[in-house]
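Spelled out, the chains give:
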Amino acid sequence: MANYNSRKRQSNAGSKSTGAPEVVRVRVPRKDKSEVLATVSMLLGANRVRLQCMDGVVRMGRIPGSKKKRMWVHEGDIVIATPWSFQDEKADVIWKYTRPQANWLQNKGYLK
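Computed from a predicted model, the values in this text were never measured in an experiment. (Residues numbered from 1 in each chain as written. Predicted model: local features only at pLDDT ≥ 70, side-chain atom pairs only at ≥ 80, totals over all residues. Heavy atoms only, no water.)

Draft legend 1. Expanded view of the overall build of the protein. Each helix and strand in the protein was counted, giving two helices and five strands. Reading the protein from its N end, one meets helices and strands in the order α-β-β-β-β-β-α. In the protein, the proportion of contacts linking residues at least 24 apart, taken out of those at least 6 apart, comes to 51%. Taken as a whole, the protein presents about 8000 Å² of accessible surface, with 51% of it coming from carbon and sulfur. (Helix = DSSP H or I, 4+ residues; strand = E, 2+ residues; numbered from the N terminus. Contact = heavy atoms within 4.5 Å. Areas by Shrake-Rupley, 256 points an atom, 1.4 Å probe, with all protein chains shown as cover.)

Draft legend 2. Molecular detail of the pairing of strand 5 (residues 90-96). Of the pairings in the sheet, the one linking strand 3 (residues 58-62) to strand 5 comprises three bridges and is parallel in character. Note that in strand 5 the partner of G61 across the bridge is A91. Of the strand pairs in this sheet, strand 4 (residues 78-83) and strand 5 are connected by five bridges, and their pairing is antiparallel. Within the sheet, the bridge partner assigned to T82 lies in strand 5 and is D92. Counting the residues between successive antiparallel strands, the hairpin from strand 4 to strand 5 contains six residues. (Pairing = 2+ DSSP bridges.)

Draft legend 3. Representation of the pattern of salt bridges. Within this structure, the stated rule accounts for seven salt bridges. Two residues, R27 and E35, come together in a salt bridge whose shortest N-O distance is 3.1 Å. Residue R27 is classed as partly exposed on the basis of its relative accessible area, which comes to 28%. Overall, E35 belongs to the buried group, its relative accessible area being 4%. Connected through salt bridges with shared partners, the residues D55, R59 and D88 form a single ionic network. (Salt bridge = Lys/Arg side-chain N within 4 Å of Asp/Glu carboxyl O. Buried < 20%, exposed > 50% of the residue type's maximum accessible area, 1.4 Å probe, protein only.)

Draft legend 4. Structural detail: the sheet that holds strand 3. With mixed pairing, the five strands of this closed barrel are ordered in space as 1-2-3-5-4. With strand direction ignored, the average angle separating the axes of adjacent strands in the sheet is 50°. Across five bridges, the pairing between strand 2 (residues 48-53) and strand 3 is antiparallel. Bridge pairing in strand 3 links V49 to G61. (Axes fitted to C-alpha atoms, helices over the stretch in contact; angles between N-to-C directions.)

Okay, here's the thing in structure tokens:
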């Protein structure tokens, strides 16, 4: 029992004590699926948002029912949107980034 506790204390001794979570893996938009990065500029209600996409187009985004309760979207959030193939001014919101992930995207040059 003493060996287990001493190993446990040793492994925690070198850990970081900062409050910010470390970004290990970040999902980036896939060009082959026509995904674009977008910023939520306005909440329209009824699971709709106004998106300012990185390709320069302002789209109306729809949060699908499968993600409606799991993904709470606010103004200023960075998301991945998939434009509709038959109506380019509309898109589906498929992913939302956390603040550390958005900072990582900013540092790597994905956001303009």
